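Structural overview for review
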Amino acid sequence: MCGIVGYVGRRPGKPIILDGLKRLEYRGYDSAGLALLEPDGINVVRAVGNLDALFLAAGEDSSDACVALGHTRWATHGRPTEENAHPHSDCSGRITIVLNGIVENYKELRERLVAKGHTFGSETDAEVVAHLIEEHADEGLTTAVRAALGELEGHYSFVAMSSDEPDRLVGTRLETPLVVGAGEHEMFFASAIPAFLCHTRRVVVLEDGDVVTLRADGAEYTDVAGNAIVREETEFPGDDDAAEKAGYETFMLKEIHEQPAALRDTLAGRLREDGTVDLSEVEGLGDEFLRRLRRIFIVACGTSFHAGLIVSYAIEQLARVPVQIDVASEFRYRRPVFDPDTLVIGITQSGETADTLAAMRLAREAGSPVLALTNIMGSQATRDADFVLFTRAGLEIGVAATKTHTAQVAALLLLALRLAWARGAMSEAELTALGRELRQVPELAEQLLARPSAIEQIAQRYHDERFFLYLGRGMGYAVCLEGALKLKEISYIPTEAYAAGEMKHGPIALLNSESPVVVVADDGPVFPKLVSNIEEVRARGADVIAVATDDNEVIGELSKDVLWVPKTDHHLAPILTVIPLQLLAYHIAGIKGLNVDQPRNLAKTVTVE
Ligand code: AGP
């Protein structure tokens, strides 16, 4: 969504803010700005475009300001213009704020404030906050922020500064992330931990309604009523090279190659050598609960939805539990029927996706137990669930999700095996054999990524195509949805993913020699049917690019190009078959000269509906 960085300390804030914004750029990058609290007032600099434009506008001149704010924006209300870029100030210019999220009642607030004589300089919802604080400025910044909170509706986090109190920042959050970093004689606010991780690993994750006043030597935490509260400080375990490219040309390529490690870490301690699963870390997911379940709902968005769809097949096939899956933005409005024996699984790598959080809350309020599958400790999803299962993919900076996706599939497969075990849906021998096979998948992914690959040549051959159709069956169809999303979101080429058996009911009309068809052909039970579909495609003159299991000669003969992956059980194959599709999208986008880490119009975390 947007990125917020705040600094109060004894060092010049300008380079700290600019560096922090660079580490949060994946959250949004259509405009950016910073505010420096100088002795003669607040100096605000804003620019349209990605952070390079702000760096240029901010210039090389040094600043002694030790209280500073920064913001990188993904526009919700108001076009990406300099006027709409944050920070925003009140009429006097003495109060300045940066905000992430949405003020849903901004129109009525703005009308009321204009009627009282306030003048606005932007089209944004965020600017009303600066003027609301101005209304109470004589009560002190912290009190004024609390007063403003009483008028706001929506979900947001914001940080304010005032030239009347030049030694502090005040921040607050409601259903949108804001964290505090505690350094030596310096304190930080940020939308996400990477912004200050190179300065301190001492982190305080804020709760909804917290109003926090930061000074160089510490923080005061209160609730919205002004009562003092205590917030726990934790040591963030992650390493700060997660925000570095480590020699790769892009974060996305780095993260594609980090998948074996992400898989190993996600499986570690949860999959014994004998192939049995240990999810005892997730208290409450005991045998009795798992046996009682009558149904599972999976809710998610985007790539996380595709992970859920992939494993929905495995859960039904292995554990024999009915699974319904829905994109969260549909689920939350279709009045689903809940009951205590329906487990709702919310899959969200960021733990902050508004639609997924809302769907999880709806389920919980209706009495269904909710499990969050997320990659971020302390994220909102961990607070809105009864159980939490973490992927351990490490920070993912590239907007196009890759390692978090395969880590989600691995974690969900563990859950499928655990369910099958608790319900006696498979024999112990079958289950442990599958578990031992899953233990091998990180190594197979390693081998796959280490192979010399024809993907760059294939990408070179097809990068100018104007449309790609993806076809698959069963879990392979779900992998097609993910592969098609990868290509469209980073190369902007229109794609369509279809169940291969459904192609003849319409999409086949799209086929000719101009439209390459990507087929995901793991050698599962429906492979023979897929062969017939490939023949139908070839009969229309379309080129077939197949993802297939090593030594599958049939596919080799039918396809113009084959992206080979190591053999494994077809329930586990999606972790491997998706990797060539990630790389195909990556190289096509690269050949087209596009920014794969920051695709246009996208943001890494969509904290608005
Ligand atoms: C995937 O490449 C996209 N970045 C997007 O679809 C993403 O998967 C979706 O927004 C869900 O994000 P979440 O996992 O953080 O909830």
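Everything discussed here concerns the structure shown above.
Reading the values: rules and limits
- Residues numbered from 1 in each chain as written.
- Predicted model: local features only at pLDDT ≥ 70, side-chain atom pairs only at ≥ 80, totals over all residues.
- Heavy atoms only, no water.
- Buried < 20%, exposed > 50% of the residue type's maximum accessible area, 1.4 Å probe, protein only.
- Helix = DSSP H or I, 4+ residues; strand = E, 2+ residues; numbered from the N terminus.
- Right-handed = clockwise from strand over helix to strand, strands pointing away.
- Near = heavy atom within 4 Å.
- Polar contact = N/O pair within 3.5 Å; in protein donor to acceptor, adjacent residues only side chain to side chain.
- Areas by Shrake-Rupley, 256 points an atom, 1.4 Å probe, with all protein chains shown as cover.
- Nonpolar A, V, L, I, M, F, W, Y, C, P; charged D, E, K, R; others polar.
- Pairing = 2+ DSSP bridges.
- Axes fitted to C-alpha atoms, helices over the stretch in contact; angles between N-to-C directions.
- Contact = heavy atoms within 4.5 Å.
- Phe/Tyr/Trp six-rings, centres within 6.5 Å; stacked < 30°, edge-to-face > 60°.
- Lys NZ or Arg CZ within 6 Å of the ring centre and 35° of its normal.
- Core = buried A, V, L, I, M, F, W, Y, C linked by side-chain atoms within 4.5 Å.

Before going further, it helps to spend a moment on the pairing of strand β20 (residues 468–472). Taking burial as the measure, the five residues of β20 include five buried ones, the bulk of the element. Of the two faces of β20, the one lined by F468, Y470 and G472 and the one lined by L469 and L471 are each fully buried. Crossover handedness for the path β20 to helix α16 (residues 475–491) to strand β21 (residues 495–499): right-handed.

Another aspect to go through is the site of the ligand. Taken together, 13 residues lie near the ligand, and S304, S350, T353, V399 and E489 sit nearest. Interatomic distance of 2.6 Å between a side-chain N/O atom of S304 and an oxygen atom of the ligand. Taking V399, its main chain carries an N or O atom lying 2.7 Å from a nitrogen atom of the ligand. Computed on the free molecule, the ligand has an accessible area of 410 Å², of which 91% lies beneath the protein chains in the complex. Broken down by secondary-structure element, the contributors of at least two residues to the shell around the ligand are α9 (302–319) and α16. No other element matches the three residues that α9 contributes to the shell around the ligand. Classifying every residue of the shell around the ligand gives four nonpolar, seven polar and two charged.

Bringing the sheet that holds strand β22 (residues 517–521) into the picture now. Ordered by their spatial adjacency, five strands build an open sheet running β21-β20-β22-β23-β24, and the pairing between neighbours is parallel. Looking at which strands have only one partner, the edges of the open sheet turn out to be β21 and β24 (561–565). Each strand of the sheet is rotated relative to its neighbour by a mean of 20°, with strand direction disregarded. In the sheet, strand β23 (residues 544–549) pairs with β24 via five bridges, with the strands oriented parallel. The residue of β24 that forms the bridge with A546 is V562. Contacting β20, β22 and β23, helix α17 (residues 527–539) runs over the sheet at an angle of about 170° to β22.

Further remarks concern the pairing of strand β17 (residues 342–347). Taking burial as the measure, the six residues of β17 include six buried ones, the bulk of the element. Across the two faces of β17 the burial is the same, with T342, V344 and G346 and L343, I345 and I347 all buried. One ladder, built from six bridges, connects strand β15 (residues 295–300) with β17; its direction is parallel. What sits directly across from I298, in β17, is I345. Where β17 and strand β18 (residues 370–374) come together, four bridges link them in parallel fashion. The partner of I347 across the bridge, within β18, is L373. At this point the chain moves from β17, through helix α11 (residues 354–365), to the parallel β18, and the crossover so formed is right-handed.

Following H86, the chain continues to P87 via a peptide bond in cis, the omega torsion being 5°. In this structure, P87 sits in the loop between β4 (67–73) and β5 (88–89). In this structure, H185 is a non-glycine residue whose phi angle is positive, near 60°. If you trace the backbone, H185 turns up in the loop between β9 (179–182) and β10 (187–190). A relative accessible area of 39% means that H185 is categorised as partly exposed.

Attention shifts here to the packing of aromatic side chains. Here the structure, examined in full by the defined rule, presents seven aromatic pairs. Both rings, one in Y7 and one in F188, keep their centres 5.4 Å apart while their planes meet at 55°; by these two values the pair is tilted. Here Y7, found in strand β1 (residues 3–8), pairs with F188, found in strand β10; they are 181 residues apart in sequence, far enough to count as distant. With respect to class, Y7 is no different from F188; both count as buried. Judged by centre distance (5.9 Å) and plane angle (85°), the ring pair of F297 and F338 falls under edge-to-face. Taken together, the residues span a long stretch of sequence, with F297 in strand β15 and F338 in the loop between α10 (328–331) and β17 at a distance of 41 residues. Take F338: its relative accessible area is 16%, and that puts it in the buried class. Aromatic rings pair up to connect Y7, F188 and F196 into one cluster. Above the ring of Y492, the side-chain terminus of R600 is found at 3.8 Å from the ring centroid.

The nonpolar side chains of a soluble globular protein tend to be buried with one another. One finds I296, V311, I315, I345, L438, F468 and Y470 to be the most contacted residues of the largest nonpolar core, which totals 91 residues. Per-element tally for this core: the top contributor is helix α13 (residues 403–422), with 12 residues. Those residues in contact with I296 that sit more than four places away from it in its chain are I315, V321, P322, V323, Q324, L343, I345 and L419. Judged by nonpolar contacts, the second largest core, of 26 residues, contains A32, L51, V179 and I193.

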